[in-house]
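# Residue-level structural notes
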Amino acid sequence: MEKRVTFSNPWLPYLLVAPQLVITAVFFFWPAFRAIYQSAFIPDPFGLRTQFVGFANFEYLFSNPYYRASFLTTAMFSILVTVLSMSFALWLAAMADRVIKGSGAYRTLLIWPYAVAPAVAGVLWLFMFNPFTGIITWSLAQMGYSWNHGLNGGQAMALVVLASSWKQISYNFLFFLAGLQAIPKSVIEAAAIDGASFWKRFWTIVFPLLSPTTFFLLVVNVIYAFFETFGVIHTITQGGPQQSTTILVYKVFADGFVGQDLGSSAAQSVVLLVLVSILTVIQFRFIERRVHY
Amino acid sequence: MADITLKDIRKSYGRTEVIHGIDAHVEDGEFIVIVGPSGCGKSTLLRMVAGLETVTGGEVSIGDRVVNDLEPRERDIAMVFQNYALYPHMSVFDNMAYGLKIANVPKEEIRARVTEAARMLELEPYLDRKPRQLSGGQRQRVAMGRAIVRKPAVFLFDEPLSNLDAKLRVQMRLEIKALQRRLGVTAVYVTHDQVEAMTLADRMIVMNAGVAEQIGAPLEVYANPQTLFVAGFIGSPPMNVLRTEVRDGTAVVGGGYEVRGRDLATGSVIGVRPEHVNLVAAGAGLFDATVDFCEPLGAETLVHTRTDAGDSLVVRIDGEAVFPSTGDRVGLIADPVRLLAFDAAGRRIASLADLSP
Amino acid sequence: MSGMVERRGIGVWLTHAGLVLGIAIICFPIYIAFVASTVDQAALVTPPMPLVPGGHFLDNYHEALFVGANAPVWLMLANSMVMALGITVGKIAISIISAYAIVYFRFRFRMVFFWMIFLTLMLPVEVRIVPTYEVAAGLGLLNSYTGLILPLIASATATFLFRQLFLTIPDELVEAARVDGAGPVRFFIDILLPMSRTNIAALFVILFIYGWNQYLWPLLVTTDPSMNTIVMGIKQMLPTGDEVVEWPVVMATAMLAMLPPVLVVIFMQNLFVKGLVESEK
């Protein structure tokens, strides 16, 4: 889409785009370029000189079992977060869509966790599941289940998944509710007259009509789980125990800043760059389609 | 106050030329209507006068200045848009005052001019309202007011009434005309509605496919269309068009009437207005036709017929006259002066009276 | 309102009950945090902790605000506020003017610039952590507000949002403004900005939350505790070793860290929903 009418001025448009372009160039393109550049070098042990190694960093990276494990961890983490937060949100949205009285109040009470920072969400859940004093740890102990996410990798994963999903429910809820309310009432009434029960109607009529929203949220949630949950992991587990919660983004940080392995960290950045590009393209294609429909 | 001169105006988008050289002169204080079907280039022409489109070729002058390279604000014009283009976040007062504020007109004078325009347009009670709180007709008046307060040399109207309902359109039409007369400002008005063009214009420019087909006073254009396009576009129902058939060197119309004395080349056609044809008994006219159906409209009745040559022909008769029934055979008669001949390219030749020896 | 067929009797109550249960699950962590911020340390070290608020509300919040761990919480709140507002205002400002240039002007490299901005969508800070840190360090931006704000204010999303908005504004409005004598700057200030008010406000809400909740970047660029933001500061209050965690103070800090963005969401709910739904289109 283009404007029919435009202004003409020899320098004003350049002045207007300049701030954004300068910041983009300095803080986006230059670092990205450096990441690609660094990924092809290894610094000597004193950090004084670097040596060109081509794809050796990548070969080393993919032969590293920890890195390959991190891929699996990320995949599992993303799937769990996406499925858990989306299904809970859909359940809430379906109910909120049914009530006529008080739906505004319900919405208010359900959306505010969106405003909680992932790192703060991490602290809240860490407190409840504290191995020694946490209220939920205690409750589980009463039922004979022992909780210590500092030692048990599976429990650590469960905890970061819970905290990350909890924070994302509001977002999914809002979009599902908007999607549900956009479905024409007549379609559902027609199904009701045809004799379909509530759940039958939901699965055969409502859910299929909701599929654009669902697909959109799927992509957004995967991106969220990949990149925005750093704060949750960093506050709760620091990637442990035994790297059981080290997702890719956490590993870039840990290898680059804690391990000071710049070549490997740069190579990981490049891998992430490729991943996020793929996700963005998927998201963008989807957005394009939504515009046409 | 100013006149407008258009000299061989052309407009191209890339390689596609959409306006093919238009010459016209608008007298000071004259009301000119540019009329034509959608896509004929009439709005583009107006927007070139306004300075909203660049002129690819030719010269636009307002008064004695060539304005091709001037910004709209430097041309001393005001424009009324089809969708009114009111600034939604400004009150009616601010909408009208905006241009004056930019021109650094003193505050008291702005107030005086806006109040005066509002009084003229009966908008005084609404000065504090936002455009969305107004009806369509009121918004239209605000758009007019915005043009008036600037006291421009030229008013430009781009289909200003097409978003209004039929009744309001008739009323606003009269108001626009009266206002223009009172202010004596040169006006250029674009519309696709030929009734609007006929009623408003001192002179009109009939455009088609980027060409000015004819320029002239409404009744002159109506009576003497220079092209088949104008003949069909101006007038409702449009002028009847009858094909001619050349038999032994003589042109025949309607399957029976020989246009004697002169030959019309193959492919030429004869045009005649519905009110210039009369019904007579079969066999008593120039040629016969069969009645398809009749539309009694009260003041008049339109009799739709089909000639033996297969052309459809509408006859306008008095509303109180007895009209024939479907299937009746009738004879058709017309004064040869009213039969207009056009060549195969649609250009006017001359009326048959001129052709007859 | 409802997309579902009206329900009667017990179905309605079941739905309400389900919603209340859902809200209880969602709110439980916050409630527990609030309770923990109102009791003393002794009440928390021996489980189970109490489930009703205690009487140490003022003590804990006073301690958090004015003593804290590395830096008093009021200072971290102030830092967060500066960062969040800086990011929000900066993003909106540079996005709206670049979108204006791209929509309302024709100039060389216009599409190149457009795609350059678009590409930044593919470069979240998490992906380019180390090199971006190096650039910021090289420019001497560590431990400064500029360093906290500047690298985060380029935003393709906001630019797209404004571009989308501008494309829906009728062309005649620009023409009317030009006939009225407005040049590009006046048109932007007098017409476009006021017409974008609601969208700017909606975006403001979303971006404020985004800015306030930044974690990784402040963690990297602020080593000086007096420059810490509240969201990263909480983590610093959790010692890594065997030291005893002052949970009541930590939870009071957590409550304070959540307060500004949560209030923004609750009190500007409609703008927030509008901003969220539109910025994802």
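Parameters and conventions
Residues numbered from 1 in each chain as written. Chains lettered and ligands numbered in written order. Predicted model: local features only at pLDDT ≥ 70, side-chain atom pairs only at ≥ 80, totals over all residues. Heavy atoms only, no water. Axes fitted to C-alpha atoms, helices over the stretch in contact; angles between N-to-C directions. Helix = DSSP H or I, 4+ residues; strand = E, 2+ residues; numbered from the N terminus. Parallel < 35°, antiparallel > 145°, perpendicular 65-115°, else oblique. Contact = heavy atoms within 4.5 Å. Nonpolar A, V, L, I, M, F, W, Y, C, P; charged D, E, K, R; others polar. Phe/Tyr/Trp six-rings, centres within 6.5 Å; stacked < 30°, edge-to-face > 60°. Buried < 20%, exposed > 50% of the residue type's maximum accessible area, 1.4 Å probe, protein only. Domains from an automatic or database assignment. Buried area = accessible area lost by both parts, 1.4 Å probe. Salt bridge = Lys/Arg side-chain N within 4 Å of Asp/Glu carboxyl O.

Here we come to the packing of helix 5 (residues 118-128) of chain A against helix 1 (residues 10-36) of chain C. One way to put it is that helix 5 of chain A packs onto helix 1 of chain C with a least axis distance of 10 Å and a crossing angle of 75°. Classed by the angle they form, the pair helix 5 of chain A and helix 1 of chain C counts as roughly perpendicular. Across the interface between the two elements, A:Leu124, A:Trp125, A:Phe127 and A:Met128 of helix 5 of chain A pack against C:Phe28, C:Pro29, C:Ile30, C:Ile32, C:Ala33 and C:Ala36 of helix 1 of chain C. Grouping the constituent residues of the contact of helix 5 of chain A with helix 1 of chain C by class yields 10 nonpolar, no polar and no charged.

This part takes up the packing of aromatic side chains. With the rule as written, the count across this model stands at 50 aromatic pairs over all chains. Considering the side-chain rings of B:Phe31 and B:Tyr189, the 5.8 Å spacing of their centres and the 40° angle between planes classify their relative orientation as tilted. Residue B:Phe31 is found in strand 3 (residues 31-35), and its partner B:Tyr189 is found in strand 8 (residues 186-191); the two are separated by 158 residues along the sequence. B:Tyr189 shares its class with B:Phe31; the two are buried. Relative to B:Tyr189, the ring of B:Phe157 lies with its centre 5.4 Å away and its plane at 35°, an arrangement referred to as tilted. One end of the pair, B:Phe157, is in strand 7 (residues 154-158); the other, B:Tyr189, is in strand 8, with 32 residues separating them in the sequence. Considered together, B:Phe157 and B:Tyr189 belong to a single accessibility category, that of buried residues. By the ring-pair criterion, three or more aromatic residues cluster together here, those being A:Phe7, C:Tyr100, C:Tyr104, C:Phe105, C:Phe162, C:Phe166, C:Phe187 and C:Phe188.

Let's shift gears to the domain arrangement of chain B. Residues and elements named next belong to chain B. As assigned here, chain B comprises domain 1 (4-229) and domain 2 (237-355). Just the C-alpha atoms count here: the centres of domain 1 and domain 2 sit 39 Å apart. In this assembly, seven residues from domain 1 lie in contact with 11 residues from domain 2. Overall, the association of domain 1 and domain 2 removes approximately 740 Å² of surface from exposure, summing both partners, and the carbon and sulfur fraction of that is 54%. When the area that domain 1 buries against domain 2 is broken down by residue, the three leading residues are Tyr 222, Pro 225 and Leu 228, summing to 71%. Summed over the shared surface of domain 1 and domain 2, the number is zero salt bridges.

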